[in-house]
Amino acid sequence: AGPSSLSRFRGALVGALLGDCVGAEFEGTEEVPLDRVLQHLDGLEEENRGDGILQYSDDTAMTRCVVQSLLSRSEFDVSDLGRRFAEEYRRAPLRGYGAGVVQVFKKLLSPRCADVLQPAREQFGGRGSFGNGGAMRAAPIALAYPQTQDVIEFSRRCALLTHASSLGYNGAVLQALAVHFALRGALCSGGQYLELLIGEMESLEREEKALSDARELNEADFPYCTRLRKVKEMLERSDVSVEEVVMELGNGIAALHSVPTAIFCALHCLSVRPSLPPHYSGVQRTLAFSLALGGDTDTIATMAGAIAGAHYGMEQVPASWQRCCEGEQDAEEWGERLHKLYQSR
Ligand code: 8NA
Ligand code: MG
Ligand code: MG
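Report follows, based on the coordinates. As the structure is a computational prediction, the values presented were derived from the model and not from experiment.

Inspection of the region around ligand 1 gives 22 residues, with Gly 96, Gly 100, Ser 129, His 163 and Asp 296 positioned closest. Separating an oxygen atom of ligand 1 from a side-chain N or O atom of His 163 is a distance of 2.7 Å. If ligand 1 stood free it would expose 830 Å²; the protein chains cover 78% of that surface. For ligand 1, the cavity whose grid points lie within 2 Å of the majority of its atoms is the largest pocket.

Written as structure tokens, this is what we have:
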């Protein structure tokens, strides 16, 4: 797929959807044997499939709101998006939302809410959420804006509706940037791709709020840059076990413990992995590897799937897998419409 081609846009949205739908099976399971992952994925093949389709969870429900808001307004509109999040929650509250974020939706639904960013600021005693809920829905921002500075600004504001801690919104910016640079074909350079991400994150993590939030949570300064350097170091090793990835990068619901992990999954699976079926495409390897990490599998796989889809394009998404997912046709059609919006800027 050529840089910024239509195939990459559709691939990013369908990859994200697939990650969420196939990952939901193992969410919250700490140890997921690879055999179980491969068995689950085998069940998606035409000949093994019943009539059941895989339902998407909160990750996709919120991603869909971001896409629909961008497409209907043609610009990032924080009030419109806040209303869509809250309405979506009211329509389908049981998609598996994080325990805290539900409070934000309830406040957004109240007619007394005058400032859409206020409910997020009140989360967790005023510290704001550092969960990965901002990052899991960040991909569409990268599909709507070609300029790096726009991707940074709007992914941050998109996350601020629910995640006021810098550890939360900076994770969302990092995920949007990971998709942004992958769309342009930068992923295959591995080390240079990480340097691009580190360069952008360095200026964000130098901000006063980023420094004070990190200290308050007993993290070292520049927490995302530190983790991205660790990703780089791990990629240079010939073999890395699932246990090492989980120990060094994490597999949890904090953005800091899942966004760098998703980026690692996409980079690690650029080459053939001996433990995975040799006929698997790059997208399939990335999803399988993400699921095998256990923990917050749907969210790590949705983020890794968006990056991998933006890199490989639709050619590497198996049609049989795609057809198993609720809302797969929307994802493809919206990928095309976002591509037009991106090209028009
Ligand atoms: P969130 O904002 O409620 O954050 C998720 C969780 O992180 C919270 O419920 C807290 O436990 C913890 N947390 C976040 N910020 C703080 C803080 N400042 N202090 C203390 N604890 C904090 O929701 P979200 O949208 O960020 O959550 C996204 C994740 O939750 C995704 O994985 C999503 O799929 C969902 N989810 C996760 C699980 C799971 O067990 N892995 C299960 C169902 C749903
Ligand atoms: Mg989920
Ligand atoms: Mg999750």
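To continue, consider the coordination of the magnesium ion (ligand 2). Taken together, the protein donors to the magnesium ion (ligand 2) comprise Ser 57 (OG), Asp 58 (OD), Asp 59 (OD) and Asp 298 (OD), at separations of 2.0 to 2.4 Å. Donor residues for the magnesium ion (ligand 2) sit on one chain with the sequence pattern S-D-D-x238-D. The metal-metal distance between the magnesium ion (ligand 2) and the magnesium ion (ligand 3) is 3.6 Å, with Asp 298 coordinating both. Here Asp 58 is found in helix H3 (residues 58-73), whereas its partner Asp 298 is found in helix H16 (residues 297-312), with 240 residues between them in sequence.

Let us look at the coordination of the magnesium ion (ligand 3). For the magnesium ion (ligand 3), the protein coordination sphere consists of Glu 27 (OE), Asp 296 (OD), Asp 298 (OD) and Thr 299 (OG1), at 2.0 to 2.3 Å. Here the magnesium ion (ligand 3) is ringed by six donor atoms whose angles at the metal span 74 to 173 degrees, and the overall shape comes out irregular. Along the chain, the residues donating to the magnesium ion (ligand 3) are arranged with the sequence spacing E-x268-D-x1-D-T. For Glu 27, a relative accessible area of 39% corresponds to the partly exposed category. Classification of Asp 298 by relative accessible area gives buried; the value is 0%.

To continue, consider the side chain of His 268. Following the sequence through the fold, His 268 ends up in helix H14 (residues 259-268). Note on His 268: relative accessible area 7%, which makes it buried. The contacts of His 268, once residues within four sequence positions are left out, are Leu 235, Arg 273 and Phe 289.

Turning our attention to the layout of surface pockets. Roughly 550 Å³ of volume is contained in the largest pocket. The wall of the largest pocket is formed by 31 residues, among which Phe 124, Ser 129, Phe 130, Gly 131 and His 163 lie closest to the centre. Mapped onto the lining of the largest pocket, the elements with two or more residues apiece are H3 and helix H11 (208-216). With three residues, H11 is the single largest residue contributor to the lining of the largest pocket. Of the residues assigned to the lining of the largest pocket, the class counts are ten nonpolar, 13 polar and eight charged. The computed volume of the second largest pocket comes to approximately 230 Å³. Tallied by class, residues from the lining of the second largest pocket come to nine nonpolar, three polar and two charged.

Moving on, we get to the packing of aromatic side chains. Summed over the entire model, instances satisfying the criterion amount to eight aromatic pairs. Aromatic pair Phe 9 and Tyr 342: ring centres 4.9 Å apart, planes at 75 degrees, arrangement edge-to-face. Note that Phe 9 is positioned in helix H1 (residues 6-23) and Tyr 342 in helix H18 (residues 328-344), a separation of 333 residues in sequence. Between Tyr 280 and Trp 321, the aromatic rings sit 5.8 Å apart at their centres with planes inclined by 85 degrees, giving edge-to-face as the arrangement. One end of the pair, Tyr 280, is in the loop between H14 and helix H15 (282-292); the other, Trp 321, is in helix H17 (residues 319-322), with 41 residues separating them in the sequence. When sorted by exposure, Tyr 280 lands in the same class as Trp 321, which is buried. Taken together, the aromatic side chains of Phe 76, Tyr 145 and Phe 154 make up a single cluster linked through ring pairs.

One pass over the structure, following the stated rule, counts three cavities of 30 Å³ or more. Computed from the structure, the largest cavity encloses a volume of approximately 110 Å³. For the largest cavity, the full set of lining residues is Leu 13, Ala 16, Leu 17, Thr 60, Thr 63, Arg 64, Val 67, Thr 302, Gly 327, Ala 331 and Trp 334. Elements represented by at least two residues in the lining of the largest cavity include exactly H1, H3 and H18. With four residues, H3 is the largest single contributor of residues to the lining of the largest cavity. Per-class residue counts for the lining of the largest cavity are six nonpolar, four polar and one charged. Here the second largest cavity defines a volume of roughly 40 Å³. Forming the walls of the second largest cavity are Ser 166, Leu 167, Asn 170, Glu 205, Ala 210, Pro 223 and Tyr 224. Counting only elements with at least two residues in the lining of the second largest cavity, the list comes to helix H9 (166-183) and helix H12 (223-236).

Parameters at a glance
Residues numbered from 1 in each chain as written. Chains lettered and ligands numbered in written order. Predicted model: local features only at pLDDT ≥ 70, side-chain atom pairs only at ≥ 80, totals over all residues. Heavy atoms only, no water. Near = heavy atom within 4 Å. Polar contact = N/O pair within 3.5 Å; in protein donor to acceptor, adjacent residues only side chain to side chain. Areas by Shrake-Rupley, 256 points an atom, 1.4 Å probe, with all protein chains shown as cover. 1 Å grid on protein atoms, 1.4 Å probe; cavity = no way out; pocket = protein on both sides within 12 Å on 5 of 7 lines; lining within 4 Å. Sits in = over half its atoms within 2 Å of the grid points. Donors = N, O, S within 2.8 Å, 3.2 Å for Na, K, Ca; no water. Helix = DSSP H or I, 4+ residues; strand = E, 2+ residues; numbered from the N terminus. Tetrahedral: all angles 85-135°; square planar, octahedral: opposite > 155°, others 65-115°. Buried < 20%, exposed > 50% of the residue type's maximum accessible area, 1.4 Å probe, protein only. Contact = heavy atoms within 4.5 Å. Points joined across faces, edges and corners; volume = space filled by probe spheres on them. Nonpolar A, V, L, I, M, F, W, Y, C, P; charged D, E, K, R; others polar. Phe/Tyr/Trp six-rings, centres within 6.5 Å; stacked < 30°, edge-to-face > 60°.

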